[in-house]
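# Remarks on the overall topology
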Amino acid sequence: MALSATMHNFAVQLADVDRDVYQDLELRIARHPSETDEFMLTRLLAYCLEYEEGIAFSDGGVSSTDEPAVLVRDRTGRLTAWIEVGAPDAERLHRGSKLAGRAAIYTHRDPAKVLAQLAGKRIHRAEAIPLYSFDRDFVDSAVAAIERRNTATLSITERLLYLDLNGTSLSTSVEEHSLG
């Protein structure tokens, strides 16, 4: 019998001072059996840091080969942002960058290894694709605080991220790296 996804609920109070975005979010995230807690946390953070009208988790989740972990569509349904999580392969990133007006990567992994994996590969507008990473201790501590039902306050100011997750207060800088 195949394992099913585990549902996690997140009630998030988002305050992104850098982008003037303030929103209360009720998110249901299905964690696929092959997905790590670190990946799921990074998907959540990517969603919040990229939040705008039309944002969504991909329908297929981690197993989707046609969509990124997080995407943004305009009111007509046209794809406007392709947001990958983890360590996407170059071909997938190339395709996503061509399909959407904007692409980004959020990783919980060592950014140097992700950059090395993509170096020298053909990626459409690679120089315009940012790679964002978080401190490893931050990721580990946040993952330890995740439950099935979660309350979170997430504040971002000057690329510093402050997260209160189920009573655990954490902070990290959001490091930006360039593919190009």
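Attention in this report is confined to the structure presented alongside it.

What counts and what doesn't
Residues numbered from 1 in each chain as written. Predicted model: local features only at pLDDT ≥ 70, side-chain atom pairs only at ≥ 80, totals over all residues. Heavy atoms only, no water. Helix = DSSP H or I, 4+ residues; strand = E, 2+ residues; numbered from the N terminus. Rg over C-alpha atoms; globule rule 2.2 N^0.38 Å. Buried < 20%, exposed > 50% of the residue type's maximum accessible area, 1.4 Å probe, protein only. Contact = heavy atoms within 4.5 Å. Areas by Shrake-Rupley, 256 points an atom, 1.4 Å probe, with all protein chains shown as cover. Core = buried A, V, L, I, M, F, W, Y, C linked by side-chain atoms within 4.5 Å. Pairing = 2+ DSSP bridges. Axes fitted to C-alpha atoms, helices over the stretch in contact; angles between N-to-C directions. Expected span 1.5 Å × (residues − 1).

## Observations concerning the overall build of the protein
- The helix and strand inventory of the protein stands at four helices and 11 strands.
- For the protein, the C-alpha radius of gyration of 16 Å lies close to 16 Å, the compact-globule estimate for 180 residues.
- Seen through its C-alpha atoms, the protein measures out along the principal axes to roughly 45 × 45 × 35 Å.
- Counting every position in the protein, which comprises 180 residues, the buried fraction comes to 47%.
- Within the protein, contacts between residues separated by at least 24 positions form 53% of all contacts whose residues are at least 6 apart in sequence.
- Accessible area for the protein stands at about 9200 Å²; split by element, carbon and sulfur atoms hold 48% of it.

## Some details on the nonpolar core
- Counting 43 residues, the largest nonpolar core has Phe 10, Val 12, Leu 14, Phe 134, Leu 154, Leu 161 and Leu 163 as its most contacted members.
- Per-element accounting of this core gives the leading share, nine residues, to helix α1 (residues 37-49).
- Non-local contacts of Leu 14, meaning those with residues more than four positions away in its chain, are made with Val 21, Tyr 22, Gln 23, Leu 25, Cys 48, Tyr 51, Leu 154 and Ile 156.
- Core analysis: the next-biggest nonpolar cluster, separate from the first, contains 15 residues, Trp 82, Ile 123, Leu 131 and Leu 179 among them.

## Here's the deal with the sheet that holds strand β1 (residues 6-16)
- Across the sheet, which stays open at both edges, the five strands sit in the order β2-β1-β8-β9-β10 with mixed pairing between neighbours. This sheet does not close on itself; its edge strands, each paired only once, are β2 (21-31) and β10 (168-173). Here the average twist between neighbouring strands, direction ignored, is 20°.
- Across 11 bridges, the pairing between β1 and β2 is antiparallel. Paired with Leu 14 across the strands is Gln 23, a residue of β2.
- Along the sheet, α1 makes contact with β1, β2, β8 (149-157) and β9 (160-165), crossing β2 at roughly 150°.

## Comments concerning unusual backbone geometry
- For Arg 125, which is not a glycine, the phi torsion comes out positive at approximately 50°.
- Checked against the element boundaries, Arg 125 lands in the loop between α3 (111-118) and β7 (130-133).
- Even without being glycine, Asn 166 reaches a positive phi, approximately 55°.
- A relative accessible area of 23% means that Asn 166 is categorised as partly exposed.

## Some thoughts on α1
- In a regular helix each residue adds 1.5 Å, so 13 residues correspond to 18 Å; α1 covers 18 Å between its end C-alpha atoms and thus fits that length.
- Counting buried residues in α1 gives 11 out of 13 residues, a clear majority hidden from the surface.
- What α1 keeps buried is the set Phe 39, Met 40, Leu 41, Thr 42, Arg 43, Leu 44, Leu 45, Ala 46, Tyr 47, Cys 48 and Leu 49.

## What to know about the sheet that holds strand β4 (residues 70-73)
- An order of β3-β4-β5-β6-β7-β11 is seen for the six strands of this open sheet, with the pairing classed as mixed. Two strands close off the open sheet at either side, each with one partner strand: β3 (55-57) and β11 (175-178). Direction aside, neighbouring strands of the sheet carry axes that sit 25° apart on average.
- The pairing of β7 with β11 spans four bridges and is antiparallel. Across the sheet, Leu 131 pairs through a bridge with His 177, a residue of β11.
- Sitting on the sheet, α1 is in contact with β3, β4, β5 (79-85) and β6 (102-107), with an inclination near 150° to β5.

## Describing the environment of Arg 109
- Take Arg 109: it is sitting in the loop between β6 and α3.
- Arg 109 gets classed as partly exposed once you look at its relative accessible area, which sits at 47%.
- Along the primary structure Arg 109 and Glu 176 are separated by 67 residues, whereas in three dimensions their C-alpha atoms are 13 Å apart.
- Setting aside residues up to four positions removed in sequence, Arg 109 forms contacts with Ala 87 and Val 114.

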